[in-house]
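# Structure at a glance
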Amino acid sequence: MSYGYDPELTPWIDLLPDVDFAELDRVRRVEAEIMEFGQYEPPAPVDVHEATVPASDGAPEVGVRVYRPTGRSGRLPGLLYVHGGGFAIGSVDAFHGETTRIAAEVGAVVVSVKYRLAPEHPFPAALDDCYAALRWMASHGDELGVDPERLGVAGESSGAGLAAGLALYARDRGGPALAMQYLGVPVLDDRLDTRSMRIFTDTPGWNRHNAEVTWDYYLGGQGRRGGDDISPYAAPARAGDLSGLPPTYITAGEFDPVRDEDLAYAQRLIASGVPTEVHVFPGTFHGSTQLAPQARVSRRIVAEQLLALRRGLGTEEEED
């Protein structure tokens with residue numbers, strides 16, 4: 001199938017490695033090549049340190065990396081960031097540039113979670129790790145310099161799906177209260193029954209085959225995906241009630257298999273009374289922003305992401 005990719009993105013497509021998540025050992029060996037999103041030099045220094053978060057119910061402690069822009073006094077908003085990688089690869093190192101940029105240019109304390117990966121640790125392990133990190137961030141405001149009234153969650157791809165599940169989980173558990181959620185091309189629906197998921201079988205960055213494999217990893221094995229017993233905290237598109245969720249910003253790519261589930265989720269949020277902004281970027285595919293960060297469409301996506309985070313976390317006026 002031919003696609004009308006943005007002409008600034010097209011030359012980069014051949015640089016993408018051939019990735020089949022069914023060969024997970026091989027994918028993990030070349031993970032650095034797959035997830036390398038380039039270097040970012042912040043316009044102002046950002047303090048970075050590692051920390052360990054206690055978990056509950058006998059789960060192992062959770063590692064986090066904390067980013068705080070230097071030279072900022074008082075309490076700053078806090079953003080829990082969940083990296084992408086199809087639930088099975090990825091790391092805080094791979095998204096270090098992204099989280100550094102948010103801290104520096106949004107003016108927030110960013111906590112990036114080293115959550116457990118599937119298939120060794122299927123759902124709900126990753127969600128439990130993210131919730132432990134969110135609760136830790138909310139309860140350690142004095143130590144972190146975080147304003148507990150301005151907390152948000154964010155992620156890209158599978159990380160955005162985890163962030164969406166986390167927002168649902170926090171709502172249903174009575175907190176921590178969230179000021180916003182940023183969902184970048186989120187993976188939301190294990191049923192894989194949208195038109196974009198059916199027809200985009202050979203798109204770069206992501207395709208239906210890898211979606212099938214990674215959902216099986218995350219849900220604990222073959223035969224569960226698409227069933228009647230899938231938790232909405234695993235697949236947020238399954239949630240029957242989206243009311244009471246925080247204001248939401250969603251991005252979607254024109255030639256991305258998850259495009260239609262993203263748009264459907266945005267429509268349902270709006271219908272549920274949740275302030276929601278959704279942007280579909282023409283000519284883009286899953287991961288194209290990271291592959292070709294200098295393309296004009298990529299720069300626009302990043303600029304609008306930062307603006308949405310400033311608005312949602314209440315730093316827009318401070319930047320002005």
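### Details of the packing of helix H5 (residues 125-139) against helix H7 (residues 158-172)
With their axes 10 Å apart at the nearest point, H5 and H7 run at an angle of 65 degrees to one another. Crossing geometry of H5 relative to H7 is assigned as right-handed. For the pair H5 and H7, the contacting residues are Ala126, Leu127, Cys130, Tyr131 and Leu134 in the first and Leu162, Gly165, Leu166, Tyr169 and Ala170 in the second. Per-class residue counts for the contact of H5 with H7 are 9 nonpolar, 1 polar and no charged.

### Quick notes on the sheet that holds strand E6 (residues 180-184)
By definition, the strands of a sheet pair up through backbone hydrogen bonds, in either a parallel or an antiparallel sense. In space, the 8 strands of this open sheet follow the order E1-E2-E4-E3-E5-E6-E7-E8, with mixed pairing throughout. Sheet topology places strand E1 (46-53) and strand E8 (276-281) at the edges, where each strand pairs with a single neighbour. Pairs of neighbouring strands in the sheet enclose a mean axial angle of 20 degrees, with direction left out of account. Looking at chain direction, E1 and strand E2 (residues 62-69) are connected through 8 bridges and run antiparallel. Note on E2: the bridge partner recorded for Thr52 is Gly63. Contacts from H7 reach strand E3 (76-82), strand E5 (146-156) and E6 within the one sheet, and its direction differs from that of E5 by about 140 degrees.

### A word on the pattern of salt bridges
According to the stated counting rule, one finds 19 salt bridges in the structure shown. The partner of Arg28 in a salt bridge is Glu120, with the nearest N and O atoms 2.7 Å apart. On the criterion of sequence distance, the pair formed by Arg28 in helix H2 (residues 24-29) and Glu120 in the loop between strand E4 (109-114) and H5 is long-range, its members being 92 residues apart. Of the residues examined, Arg28 reaches a relative accessible area of 26% and is grouped as partly exposed. Under the relative-accessibility criterion, Glu120 is labelled partly exposed at 47%. With a shortest N-O distance of 3.1 Å, Arg225 and Asp216 are connected by a salt bridge. You can call Arg225 partly exposed: its relative accessible area is 28%.

### Description of the pairing of E6
Counting buried positions over the 5 residues of E6 gives 5, a clear majority of the element. Alternating positions in E6 separate into two faces, Met180, Tyr182 and Gly184 on one and Gln181 and Leu183 on the other, with burial throughout. Two strands pair when backbone bridges link them, and E5 and E6 are joined in this way by 5 bridges, in the parallel orientation. From the neighbouring strand, Val153 faces E6, where its bridge partner is Gln181. Taken together, E5, H7 and E6 constitute a β-α-β crossover, and its handedness is right-handed. Here E6 runs beside strand E7 (residues 248-253); their pairing, made up of 4 bridges, is parallel. Residue pairing in the sheet places Leu183 in a bridge with Ile250 of E7.

### Focus on empty space enclosed by the protein
Scanning the entire structure with this criterion turns up 2 cavities of 30 Å³ or more. What the largest cavity holds in volume is close to 170 Å³. In this structure, the largest cavity is lined by 17 residues; those nearest its centre are Glu156, Val185, Thr251, Thr289 and Ile301. Those elements that place two or more of their residues in the lining of the largest cavity are E7, helix H11 (288-291) and helix H12 (296-313). A per-class count over the lining of the largest cavity returns 7 nonpolar, 8 polar and 2 charged. Forming the boundary of the second largest cavity are Gly86, Phe87, Ser157, Ser158, Val187, Leu192, Met197, Trp206, Ala211, Thr214, Trp215 and Val258. Sort the elements by how many residues they give to the lining of the second largest cavity and helix H9 (residues 208-219) lands first, with 3 residues.

Thresholds, definitions, all that
- Residues numbered from 1 in each chain as written.
- Predicted model: local features only at pLDDT ≥ 70, side-chain atom pairs only at ≥ 80, totals over all residues.
- Heavy atoms only, no water.
- Axes fitted to C-alpha atoms, helices over the stretch in contact; angles between N-to-C directions.
- Helix = DSSP H or I, 4+ residues; strand = E, 2+ residues; numbered from the N terminus.
- Left-handed = near helix turned anticlockwise from the far one by under 90°.
- Contact = heavy atoms within 4.5 Å.
- Nonpolar A, V, L, I, M, F, W, Y, C, P; charged D, E, K, R; others polar.
- Pairing = 2+ DSSP bridges.
- Salt bridge = Lys/Arg side-chain N within 4 Å of Asp/Glu carboxyl O.
- Buried < 20%, exposed > 50% of the residue type's maximum accessible area, 1.4 Å probe, protein only.
- Right-handed = clockwise from strand over helix to strand, strands pointing away.
- 1 Å grid on protein atoms, 1.4 Å probe; cavity = no way out; pocket = protein on both sides within 12 Å on 5 of 7 lines; lining within 4 Å.
- Points joined across faces, edges and corners; volume = space filled by probe spheres on them.

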